[in-house]
Amino acid sequence: MAQTGGNHLLIKPFENKVFIKEQGQFDKCAKQLKIPFPEPVLYGVENAEFNAYFTADGITFQFPERKNIEEKDRKKINGEPEERSVETTWHTATMQWLNTNPLVELHAEQEQTAYYNYGGFADDTSYNFVPAYRKLKYTNLYPGVDAEFELPEEGGIKYRLLVHPDIIIPV
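Only a predicted model underlies this, so the values are computations on that prediction, with no experimental measurement involved.

Rules and cut-offs
- Residues numbered from 1 in each chain as written.
- Predicted model: local features only at pLDDT ≥ 70, side-chain atom pairs only at ≥ 80, totals over all residues.
- Heavy atoms only, no water.
- Helix = DSSP H or I, 4+ residues; strand = E, 2+ residues; numbered from the N terminus.
- Polar contact = N/O pair within 3.5 Å; in protein donor to acceptor, adjacent residues only side chain to side chain.
- Contact = heavy atoms within 4.5 Å.
- Buried < 20%, exposed > 50% of the residue type's maximum accessible area, 1.4 Å probe, protein only.
- Arc of directions from axis to C-beta.

**Student:** Please clarify how the side chain of N47 should be interpreted in this entry.
**Tutor:** By secondary structure assignment, the location of N47 is in the loop between β3 (43-46) and β4 (51-54). Reaching out from N47, the side chain makes a polar contact with the backbone nitrogen of E49 at a distance of 2.9 Å.

In C-alpha cells form, the structure reads like this:
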C-alpha cells in the first residue's frame, strides 16, 4: 500500500512510476513465493507490467503471465477471503553487469512524498514508511561511465549510459 506524506492513501499504488527502497519486503516476498533473488536487492519496481529488482551487480526482471481460472476450478488459498480468479506464473530474467568497477555505487534520486507499507506476510512481519524515488543511478559502473534509470509514464523502463567527457574509451 502506498501513502502520501499526509494521511492520503493512493488508490492504485502500483501505477506509480517509482523505485522503492528494499528494507526486507522484496526478499521476504520472494522467499514466500519460492523465487529467491541471486543476490541482495537494493531497490525494486513493482507494477502491473513487470517487476524489476536492482542489485549492486545487475537487475532481476520478473514478468507475469496471467491466466483466468475457470469458475469450477477456483479455490480459496491460505485463508484468503475470496477465491482466486486469476493464476499468475512469473518468468524471471537476470541481467548482470560484466567486468564492472568493484567500487560501483547505486544511488536513488528525487525522493517522493509517497511512501509504501508492506504486510500480509505469513509471520505477520510488516515494513512501514518505505521510501520511493523517481530515478536510480549506478555511479562509476565502469571507469568514467554511469548508468541512470527512470520509469516513463508510457510504461517500460528507460536507461541512459552517461560517459564523462574527460574519459578516453579504447578502441
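Structure's up, so let's keep going.
**Student:** Teacher, can you tell me more about the environment of Y142 here?
**Tutor:** Considering the arrangement of structural elements, one finds Y142 in strand β8 (residues 127-142). Linking Y142 and V163, residues 21 residues apart in sequence, is a C-alpha distance of 9.3 Å. The residues touching Y142, leaving out its near neighbours within four places in the chain, are W97, L98, N99 and T100.

**Student:** Is there a simple way to think about helix α1 (residues 25-32) in this case?
**Tutor:** An α-helical turn contains 3.6 residues, so any two residues separated by three or four positions project in the same direction. Within α1, burial applies to Q25, F26 and A30. Summarising the axial view, the buried residues of α1 lie within an arc of 130 degrees, below the 170-degree limit, and thus occupy one face. On its buried face, α1 sits against β2 (19-21), β3, β4, β7 (105-118) and β8. Immediately beyond the C-terminal end of α1, within one or two residues, lies K34, with a positive phi of roughly 60 degrees.

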